[in-house]
Amino acid sequence: MPRLISIMDAKKRDAQIEVDSPKKKERHRYVDPAGNPVQHQRVIKGTEKTTYEALVAEAGDPDALAQALIDGDPELDLDQVGRRLAHTSRVYLGPAGNVLYVARILKVVYDAKGEEQSREDFVDVEATVGEELPPIPWTGRLMPIDTVIRRFAFVRKLQLRHVNGLTFDFLYEIAEALQKENKLMLVGAGKKGQSPLIFQTNGTPFRGFLEGRVQDGGYRLVLHLSNLEIKRVTEDEEEAG
Amino acid sequence: MARREIVLTYGEEQTAFKFTRVDRSKLYGRKERVILDEDGERCVPAYLTHDGAALVPPGGTAHIYVDEAFDTVERSDLKAVDDEGEPLEPYASTLGEPQPLTPVDPARVLDCLVTSVYELAAEELGAALKKSLDDGDLFESVYNYREGYDPDVLFLLKNDEGIFALVAKETGFEFLTREAPEADDEDEDEVDELDDDLDFSMM
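Here's a quick rundown of the structure. Keep in mind that this is a model prediction, so the values were computed, not measured.

## Let's talk about the overall build of chain A
And then number 1: Assigned secondary structure in chain A consists of 4 helices and 14 strands.
And then number 2: In terms of overall dimensions, chain A is more spread out than a globule: its C-alpha atoms have a radius of gyration of 26 Å, far above the 18 Å expected for 241 residues.
And then number 3: By principal-axis analysis of the C-alpha atoms, chain A measures approximately 75 × 55 × 45 Å.
And then number 4: Counting all 241 residues of chain A, 31% fall into the buried class.
And then number 5: Considering only contacts within chain A whose residues lie at least 6 apart along the sequence, 63% involve residues at least 24 apart.

What follows is the structure in C-alpha cells.
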C-alpha cells in the first residue's frame, strides 16, 4: 500500500505525496500436474512441545528420547501440525520454552570482524520521513549519475506519485528540473537534509538520491535509497571466492 | 570450481571472475537486538496462534503448495507456466557459463533495484575488457545464480576500489500522467520494501 511523505521543491514549497515500491514481477506461476492453480501456504511443523529441549525434558534424558522416537512419534504435535499459520502474534520464548512477559532489550554492536564492541539498552530510533513528519528538503546537492552508481548500491527504491492535479504539477516540475541537470540530487532528512532517511521506527537508515525524468507529458520521479557503498571486502592479499 | 565463477565474454575475449558478496556487516559491522529474560538469558521469537492453542518456535513452520482442495502438491510435481498458462522452461544457472556483455549507459542502472553486490577477482582479465573498464565503460549481462524462471540483470563496473558486479532486478516504474494518479491497492503481488523493515544494522 502506498504511503504518504512530504517533500520540498526548489522554491521551498512542500507537498504531501505518495511513495510506492517496485512491483514484484515474476514471469511464472506454478500449477499442479493437471494444470490447476496451486497456492503457497505456511503451516505449523512443530510447536514448543516438540522442540528438542522439550522432548528431552519430557523423556528424561537423550537416551530415553531416542527410545521414545523409536517407539512412537513424540516429535509430532498432532493437534497442531499441518495447521495453516495466519493471524499470529509475536512473542518471545525463554530458554525453557516459556512465554516471556518481562523482557530486557539490548543493542549489541559487532565490528566488521564479528567481534562484539558494545552492548547497551535498546532505544527506539524514530522515523525521519513520514506523513506527519517534516518534508524532505531540497538540498540542491547534485551529483553525476555515473559517479553515484559506482559508489553506492541502490538497494531500495521508491517512486514518488502525485495524489491530485496540484501535486502532479509539483512533481512534474521537480522531475523536469532534475532531468535538465542530468544528475541525481542527494537528499536526506532534517532541516538541511543531512540526516538519514528512516521510513518507520527502527527502520533502516538510508541515503537518498532523487532522479527525475519527463516524457510525453508524464514524469517519473524515483528516490534511490542506499545503505551500502560499493567497496572491497577482501584483503588485498586474499583471493576472492 | 569453474562452476562458481562468473564468466563473461567481451568480443572474442572470455574472462572468469571469482566473486565475493559485499554486505554491510563485512564493511561496517552490525547491530543486533537481543531479548533477555529476567535472569539475563537470551530468548527467541516465536509465533502465538490467534486462538492461543499453539506456540511455534523458530524452525516450527513449513512452506507447502496446496491445490484448490487444500491437498498438498509436492514441489517436484509443480509445473511453471506463464500468464497464458503455457509451460515455461527454466533458465539454467549462468555460473560457469559464458555470458555476453553489452555496453550500457549509467542511467540504465537506475532502472533496476540492486539485490546483491559482488567484488570480482579475475585470474586474467581480458585486455579489451580491462581497457573498457579503465575507460569507465559499464556493461550489462544476464545472471542466474541457480536454475530458475526469472533471471537477474548483472552490471559490471569498475571504481577506485576494484571491479564489481551489481546483481539487480527491473523496477518496472512507469511514467505517470495526470490521468493516472492512483496506485493499485489491490495488487497482491506488490512488495512494500519498507514494510516490516526492522533491520537494526543501522548506520
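After that view, the rundown keeps rolling.
## Some remarks on the environment of Val187 of chain A
Residue and element names in this part refer to chain A.
And then number 1: Within the element layout of this structure, Val187 appears in strand E11 (residues 183-187).
And then number 2: For the pair formed by Val187 and Gly130, sequence separation is 57 residues and the distance between their alpha carbons is 15 Å.
And then number 3: Residues in contact with Val187, not counting those within four places in the same chain, are Ile136, Thr139, Gly193, Gly208 and Leu210.

## Points about the sheet that holds strand E7 (residues 116-121) of chain A
And then number 1: The strand order across the open sheet formed by 3 strands is E7(A)-E6(A)-E3(B), and the pairing between neighbours is antiparallel. In this open sheet, the two strands that pair with only one neighbour each are E7 of chain A together with strand E3 (30-36) of chain B. Along the sheet, successive strands turn relative to each other by an average axial angle of 25 degrees, direction set aside.
And then number 2: The pairing of strand E6 (residues 104-110) of chain A with E3 of chain B spans 7 bridges and is classified as antiparallel. In the sheet register, Val109 of chain A faces E3 of chain B, and the bridge partner there is Lys31 of chain B.

## Examining the interface of chain B and chain A
And then number 1: Listed by partner, the interface residues are 91 residues for chain B and 100 residues for chain A.
And then number 2: In terms of residues, the side of chain B that touches chain A owes the most to one element, E3 of chain B, which gives 7 residues.
And then number 3: Its residues assigned to classes, the side of chain B that touches chain A shows 51 nonpolar, 13 polar and 27 charged.
And then number 4: As paired elements, strand E4 (residues 39-44) of chain A and strand E6 (residues 61-66) of chain B share 6 bridges and run antiparallel to each other. Within E6 of chain B, the position partnered with Gln39 of chain A by the bridge is Val66 of chain B.

## Brief notes about the nonpolar core
And then number 1: Core analysis: the largest hydrophobic core is formed by 69 residues, its most contacted members being Leu171 of chain A together with Val114, Leu120, Phe155, Phe164, Ala165 and Leu166 of chain B.
And then number 2: Non-local contacts of Leu166 of chain B, meaning those with residues more than four positions away in its chain, are made with Ala153 of chain A together with Val109, Val114, Val117 and Phe155 of chain B.
And then number 3: Judged by nonpolar contacts, the second largest core, of 7 residues, contains Leu93 of chain A together with Tyr47, Leu55 and Val56 of chain B.

## Regarding the pairing of strand E14 (residues 163-170) of chain B
All names here are of chain B.
And then number 1: Taking burial as the measure, the 8 residues of E14 include 6 buried ones, the bulk of the element.
And then number 2: In this sheet, E14 lies alongside strand E11 (residues 112-122) in antiparallel orientation, the contact comprising 7 bridges. Along E14, the bridge assignment pairs Glu119 with Phe164.
And then number 3: Where strand E13 (residues 152-158) folds back on E14, the antiparallel hairpin that results is connected by 4 residues, among which Gly162 adopts a positive phi of roughly 155 degrees.

## Things to note about helix H4 (residues 165-181) of chain A
Residues and elements named next belong to chain A.
And then number 1: Between its terminal C-alpha atoms H4 stretches 25 Å, which fits the 24 Å expected from 17 residues at 1.5 Å a residue.
And then number 2: Taken as a whole, H4 has its buried residues at Phe168, Phe170, Leu171, Tyr172, Ile174, Ala175 and Leu178.
And then number 3: Positive backbone phi, approximately 55 degrees, marks Asn182, located one or two places after H4.

## A short note on the sheet that holds strand E9 (residues 99-100) of chain B
All names here are of chain B.
And then number 1: Reading across from one edge, E9-E1-E2-E11-E14-E13-E12-E10 is the order of the 8 strands in this open sheet, with mixed pairing throughout. Each end of this open sheet is capped by a strand with a single partner; those strands are E9 and strand E10 (102-104).
And then number 2: Pairing analysis gives 3 bridges linking E10 to strand E12 (residues 138-143), with the strands arranged antiparallel. Within E12, the residue paired with Thr102 across the bridge is Glu140.
And then number 3: Against the sheet, helix H2 (residues 127-134) makes contact with strand E1 (6-10), strand E2 (13-21), E13 and E14, and its axis sits at roughly 60 degrees relative to E2, the strand it touches most.

## A short note on the pairing of E7 of chain A
And then number 1: Sparse coverage of E7 of chain A is indicated by the burial of 0 of its 6 residues.
And then number 2: Connecting E6 of chain A to the next strand, E7 of chain A, in antiparallel fashion are 5 residues, including Gly114 of chain A with a positive phi near 90 degrees.

## Observations regarding unusual backbone geometry
Residue and element names in this part refer to chain A.
And then number 1: Of note in this structure, Asn202 is not a glycine but carries a positive phi near 65 degrees.
And then number 2: Mapped onto the elements of the fold, Asn202 is located in the loop between E11 and strand E12 (207-215).
And then number 3: The exposure class of Asn202 is partly exposed, given the 17 C-beta atoms found within 10 Å.
And then number 4: Look at Asp216: it is not a glycine, yet its phi comes out positive at around 50 degrees.
And then number 5: When you line up the elements, Asp216 lands in the loop between E12 and strand E13 (218-226).
And then number 6: On the basis of neighbour counts, which here come to 7 C-beta atoms within 10 Å, the residue Asp216 falls in the exposed class.

Thresholds applied
Residues numbered from 1 in each chain as written. Chains lettered and ligands numbered in written order. Predicted model: local features only at pLDDT ≥ 70, side-chain atom pairs only at ≥ 80, totals over all residues. Helix = DSSP H or I, 4+ residues; strand = E, 2+ residues; numbered from the N terminus. Rg over C-alpha atoms; globule rule 2.2 N^0.38 Å. Buried ≥ 20, exposed ≤ 12 C-beta atoms within 10 Å, placed from the backbone. Contact = placed C-beta atoms within 7 Å. Pairing = 2+ DSSP bridges. Axes fitted to C-alpha atoms, helices over the stretch in contact; angles between N-to-C directions. Nonpolar A, V, L, I, M, F, W, Y, C, P; charged D, E, K, R; others polar. Core = buried A, V, L, I, M, F, W, Y, C linked by C-beta atoms within 7 Å. Expected span 1.5 Å × (residues − 1).

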